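# Survey of secondary and tertiary structure
Spelled out, the chains give:
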Amino acid sequence: MNKWVLPLCWTAVLLDGFDLVVLGTVIPVLLQEKLLTTASASAVSTAGLFGMMIGALIIGTITDVIGRRKVMIFAVAAFSVFTLACAFAHDATTFGVLRFLAGVGLGGCLPTAIALVNEARPQQGGRATTLIMTGYHVGAVITALLGIVLIPQLGWRALFVAGALPALVLIPLMVKHLPETAVRKAPALEAVGSLFKPGLRKATVAFWAASFMGLLLVYGLNTWLPQIMRSAGYDLGAALGLLLTLNIGAVIGLLIAGAVADRVGIRPAAIGWFAGAVVFLALLSIKLPGVTIYAAVLLAGCFVFSAQVLVYAYAGRVYEENRATGIGWAAGIGRLGAISGPLLGGALLSAGLAYPWGFYAFAVIAALGATAVGAIGLKAKSVVASSG
């Protein structure tokens, strides 16, 4: 195994974690400065997620055709350039367009990175995917911390400058050290069609449904948790602290989930993690005192985010022939859930219902995610066995 694959892919996924949290971190300030309204904040969030959906669907497929290395370098460069440009946006429309373009680049990072590490560590299954995805939430934690430090001193624009800086080191290292993989001679449409060959059709639809539910939770919570908690009576510092706590819980959950999945199987682990998310999301509907609210948010983070990552790990195990295409389309269709989450949160906030009803809604969605993973069923297990 090339020793550079894991750290380089981990760092690329860290950028995805930055993007996950950055909008939720700056929205309270943008609303206060009247650069955005609640409605335009939802529109900006949706634009970025549409970009990520397009990037995951198109770039995730192309990487199975032209190779991983070129795609990864392009994706990181595009995301970083347009993220830097966001720091200079002065109206909602420009901000939304730049978020869309950054999303297209970033959308290709995740399926390409997961495919690379699965190919580098083919025997480790869930552990390889959950390990790389800790970068996702380390990035989210760092972004929440940067928001607490930078926004009061330098303003929200500094956060987008900080998000672009890692590319100055990451891209040269990728050019020098990231290996190229064998490419398919088959066209991209054939790679997509392979997801629906006999034995995979039902699994593909179920993966898409599970990814939709998982990403709805991930983006709904990370976009609106600070504002929901402010509506519940917490001040901005506490609300951002809870967002930080949520993503610390995510890292802890990933470290545990990978080991559990390798021991009991990815499918039962994913179902169990979605079920845990149901419990702790419902618990957040109660206004808990003092440190108790932080403990509940930490545990919610442990289960919510790892559940989605286990969906990716399961897809990486099933789609061995066109791994990046399978993961890319699961992630891409799942972005519709990522779009729906912020829209749902925005609608509930606008109606004055976000607390506590938002957490009840998120708990129901987690239950549907567990159902979708269960629907993948034994057929997908036979595919795994026959392809290994």
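Residues numbered from 1 in each chain as written. Predicted model: local features only at pLDDT ≥ 70, side-chain atom pairs only at ≥ 80, totals over all residues. Heavy atoms only, no water.

### Here's the deal with the packing of helix α3 (residues 68-86) against helix α5 (residues 109-120)
Contact geometry for α3 and α5: axes closest at 9 Å, N-to-C directions at 145°. The element α3 and its partner α5 pack so that their crossing is left-handed. Side by side, α3 and α5 meet where Arg68, Val71, Met72, Ala75 and Val76 of the first sit next to Cys109, Thr112, Ala113, Ala115, Leu116 and Glu119 of the second. The class makeup of the residues in the contact of α3 with α5 is eight nonpolar, one polar and two charged. (Axes fitted to C-alpha atoms, helices over the stretch in contact; angles between N-to-C directions. Helix = DSSP H or I, 4+ residues; strand = E, 2+ residues; numbered from the N terminus. Left-handed = near helix turned anticlockwise from the far one by under 90°. Contact = heavy atoms within 4.5 Å. Nonpolar A, V, L, I, M, F, W, Y, C, P; charged D, E, K, R; others polar.)

### Concerning empty space enclosed by the protein
Under the counting rule described, the total for this entry stands at two cavities of 30 Å³ or more. A volume near 60 Å³ is recorded for the largest cavity. If you go around the largest cavity, the residues you meet are Asp19, Leu20, Leu23, Ser45, Gly48, Leu49, Met52, Arg99, Tyr219 and Thr223. Where the lining of the largest cavity is concerned, the elements lending two or more residues are α1 (5-32), α2 (38-66) and α10 (201-231). In terms of residues, the lining of the largest cavity owes the most to one element, α2, which gives four residues. As for the second largest cavity, its lining consists of Met133, Tyr136, His137, Leu215, Val218, Phe305, Gln308, Val309 and Tyr312. When contributions to the lining of the second largest cavity are tallied by element, the ones reaching two or more residues are α6 (126-154), α10 and α13 (291-318). Examining the composition of the lining of the second largest cavity, we find that four residues originate from one element, α13, more than from any other. The residue inventory of the lining of the second largest cavity, partitioned by class, reads seven nonpolar, two polar and no charged. No fewer than three residues from each of domain 1 (1-183) and domain 2 (186-387) sit in the lining of the second largest cavity. (1 Å grid on protein atoms, 1.4 Å probe; cavity = no way out; pocket = protein on both sides within 12 Å on 5 of 7 lines; lining within 4 Å. Points joined across faces, edges and corners; volume = space filled by probe spheres on them. Domains from an automatic or database assignment.)

### Some thoughts on the nonpolar core
Counting 136 residues, the largest nonpolar core has Met72, Val76, Phe95 and Leu281 as the members making the most contacts within it. The residue makeup of this core includes at least three contributed by each of domain 1 (1-183) and domain 2 (186-387). (Core = buried A, V, L, I, M, F, W, Y, C linked by side-chain atoms within 4.5 Å. Buried < 20%, exposed > 50% of the residue type's maximum accessible area, 1.4 Å probe, protein only.)

### Some details on the pattern of salt bridges
Evaluated as defined, the whole model comprises one salt bridge. The closest approach of N and O atoms between aspartate 19 and arginine 99, which form a salt bridge, is 2.7 Å. Taken together, the residues aspartate 19 in helix α1 and arginine 99 in helix α4 (residues 92-107) connect sequence positions 80 residues apart. The class for aspartate 19 is buried, based on a relative accessible area of 6%. (Salt bridge = Lys/Arg side-chain N within 4 Å of Asp/Glu carboxyl O.)

### Description of the domain arrangement of the protein chain
Domain parsing of the protein chain yields domain 1 (1-183) and domain 2 (186-387). Centre-to-centre, using C-alpha coordinates, domain 1 lies 18 Å away from domain 2. Remark: the boundary between domain 1 and domain 2 carries one residue pair in polar contact (both at pLDDT 80 or more). Those elements giving two or more residues to the side of domain 1 that touches domain 2 turn out to be α1, α2, α5 and α6. It is α2 that provides the largest number of residues to the side of domain 1 that touches domain 2, a total of 16 residues. (Polar contact = N/O pair within 3.5 Å; in protein donor to acceptor, adjacent residues only side chain to side chain.)

### Some points on the side chain of glutamine 308
Looking at where glutamine 308 falls in the secondary structure, it is placed in helix α13. A polar atom in the side chain of glutamine 308 sits 3.3 Å from the side chain of serine 211. If we ignore the near neighbours within four places in the chain, the residues touching glutamine 308 are Ala210, Ser211, Gly214, Leu215 and Val218.

### Here's the deal with the packing of α1 against α2
The N-to-C vectors of α1 and α2 enclose an angle of 165°; their axes lie 10 Å apart at closest approach. Taken together, the axes of α1 and α2 lie roughly antiparallel to each other. The two elements α1 and α2 meet at a crossing, and its hand is right-handed. From α1, Asp16, Asp19, Leu23, Ile27 and Leu31 reach across to α2, where they touch Thr38, Ala41, Val44, Ser45 and Met52. Residues that form the contact of α1 with α2 fall into these classes: six nonpolar, two polar and two charged. (Parallel < 35°, antiparallel > 145°, perpendicular 65-115°, else oblique.)

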